[in-house]
Structures are given as C-alpha cells and as structure tokens.
Amino acid sequence: MDSLQDKPTLGIWLRILSGLLFTGMLVCIKAVSDDVPVGQSVFFRSLFALLPIMAFLMIRREFPGGLATRRPLGHALRSGLGAAAMFASFAAVALLPVAEATLLAQLTPVFMAVGGVLLLGERFSFYRAGAILLALAGMAVLVLPGLNASSESGLMTGYVLGALSALLTAGALLTVRRISRTETAASIAFYFILVSALAGLATLPLGWAALDTKALWLLVLSGLFGGAAHIAMTLALRYAEASRLAPFEYIALIWPVAADWVLFGIPVSSNFLLALPLMLSGVALAALEGRRFRQLLRR
C-alpha cells in the first residue's frame, strides 16, 4: 500500500479537525445571516477560502501548473452544482439550528449512492437499499414534526433547502468522480471556489448589506475556516478510506450541537437525537458500498 495512504490515524484526526472547521464556518454564516444576504456570504466565504487553498497548492507545487484542464465543461458543471449547493446550505443554516443543517448535509453520500445507480449505471445493491431506507427514516423523524410548525418558523423551508444542498453536493461529487480521471484535485478545488465567488458577486445588484467590523471579520473567518476544512478533508481522504472515516461522523456532529447550545442558546431537539443514528447508519452503509465499489475497480 502507498505510504501516503497508510496513515489511518492521521486521516481520522484530520476528519475530526475538518468537522470542527466546517462548524466554525457555519457558525460564522449563521451569526451574520439576519443582516447579510446569502449571495454576499457566499462571495466572502469563497473569496477568502482561496487564501488557504492557494497556499496549500503552492506548498504542494501544484499552483499554477496544477490548474491546467482538459475538461472545462466538466469543471463548469461541477462548479455550478457546488456553488448552488453552497447557496442552499447557507440559506438553510439561516433557518435551522447548525446541528440540523449539518445533519442534513450528511445525506450527500446517500444521494451519491442513488445517483451512481441512476446516472452511472452502478448496480443497485443491498447496501444502497439499506442506506436509502435508513436515510429516509431519519429524514421522516426529523422533518415530520415540523409539519405542524407555523409557517413563520421557516423550519420546513430550511429542511427543504438543507436536503437540496445535499442533493446538489452529491451531483457535484459524482461529477468529480467522472472528471478526476484526467483533472487534478487542485484544479477541481480552485475552479469550484472561483465560480462560487463569481456567483456570489453576481448578486451584488440585488443589494448587499453595509458591513460593520464584526460582520466583516465573521465573513472573513467563514472563508478561512471553509478553505482549511476543505484541505483537512482532502488530506483525511488521502490518508484513510471513507469507510474508515464514516464512524467519526458522529464526532463531527458534536461541534454543531455544542455551537447551537453555547453560542445560540438552542438546545438539541429530541427529533434530532432520534434521527441521528438512523441517518448516520445510512451514511455508513453508503460508505461501505463505496468501499466495495472501489475494491471491484482495483480487481
């Protein structure tokens, strides 16, 4: 086995770190969500995420040489889906507790398992069926009580946006699976961030908020946290297989629960606690299916 990949403990710690950084990003976005439009948040998050990502690529000597591409249309599709997912995610976190928005993001591997069957012709297996059923059960436990909530609460809109973000992210990652055969990780990350920044900037005519010092720093931090989280996750997947990292999704969800409680005064709901094991069990099955699929490819 490649020595770069034979460091599962390091991969696990990097996955835990990425969860903490990702939570920091969402906390910053939620903290300004009442005053700052989503497009403006997307722009600042993307712009300042370029700083750690470009520094990382320079250290690896992949900038600017690693940005060369043979599939510009593939990058356009991946980046467009990713940017749309970011808009939906930031809109969801404005309406939901950080923990619930993060839990809905965990649906991405399940949607990828479905997309692999529908779009890539992969076999519909027991693992995929189990992942879908568990994820649907978790969604029902989380969402159905919100059907009785008043429309002013925005819960259902938040749930729909959170699920939509996971669906769009799954589409973006399935595109990555196709283009990564010829494209570098550096180019995939760079063009996604660049397109997201431009998409956020395009909302300027719709009206942006005047930022005070606190809001400006929170938006800058959201970008730095987001870029660092991307790097940590990339390295985690380099050092450890996704199936080995899947159990640590539970740890990654500790941070948003703590953030809701300590920073926003939002206690964890019973619906969240009931949905958590169901949805993450579905994620684990989807990860196992992904591992089995990669083993078949190696053979």
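Let me begin by describing the structure that accompanies this report. Nothing here was measured: the structure is a model prediction, and the numbers come from that model. (Residues numbered from 1 in each chain as written. Predicted model: local features only at pLDDT ≥ 70, side-chain atom pairs only at ≥ 80, totals over all residues. Heavy atoms only, no water.)

Focus on the overall build of the protein chain
Along the backbone of the protein chain there are 13 helices and zero strands. Listed by position from the N terminus, the elements making up the protein chain come as α-α-α-α-α-α-α-α-α-α-α-α-α. Looking at the protein chain as a whole, 46% of its 299 residues are labelled buried. Long-range contacts, defined here as pairs at least 24 residues apart, represent 90% of the contacts in the protein chain between residues at least 6 apart. For the protein chain, the exposed surface amounts to about 14600 Å²; the carbon and sulfur share of it is 69%. (Helix = DSSP H or I, 4+ residues; strand = E, 2+ residues; numbered from the N terminus. Buried < 20%, exposed > 50% of the residue type's maximum accessible area, 1.4 Å probe, protein only. Contact = heavy atoms within 4.5 Å. Areas by Shrake-Rupley, 256 points an atom, 1.4 Å probe, with all protein chains shown as cover.)

Some details on unusual backbone geometry
Phi angles above zero are rare outside glycine, and Arg61 is one such case at about 60°. Relative to the assigned elements, Arg61 resides in the loop between α2 (38–59) and α3 (72–95). Looking at Arg61, the relative accessible area reads 78%, which means it is exposed.

Examining the pattern of salt bridges
Using the criterion set out here, one finds one salt bridge in the structure. Linking Glu62 and Arg60 is a salt bridge whose minimum nitrogen-to-oxygen distance equals 3.3 Å. On the basis of relative accessibility, which here comes to 30%, the residue Arg60 falls in the partly exposed class. (Salt bridge = Lys/Arg side-chain N within 4 Å of Asp/Glu carboxyl O.)

Some thoughts on the environment of Leu168
Turning to its location among the elements, Leu168 is positioned in helix α7 (residues 155–179). In this structure the C-alpha to C-alpha distance between Leu168 and Phe111, which are 57 residues apart in sequence, comes to 9.0 Å. Leave out the neighbours within four places in its chain, and Leu168 touches Leu81, Ala84 and Ala85.

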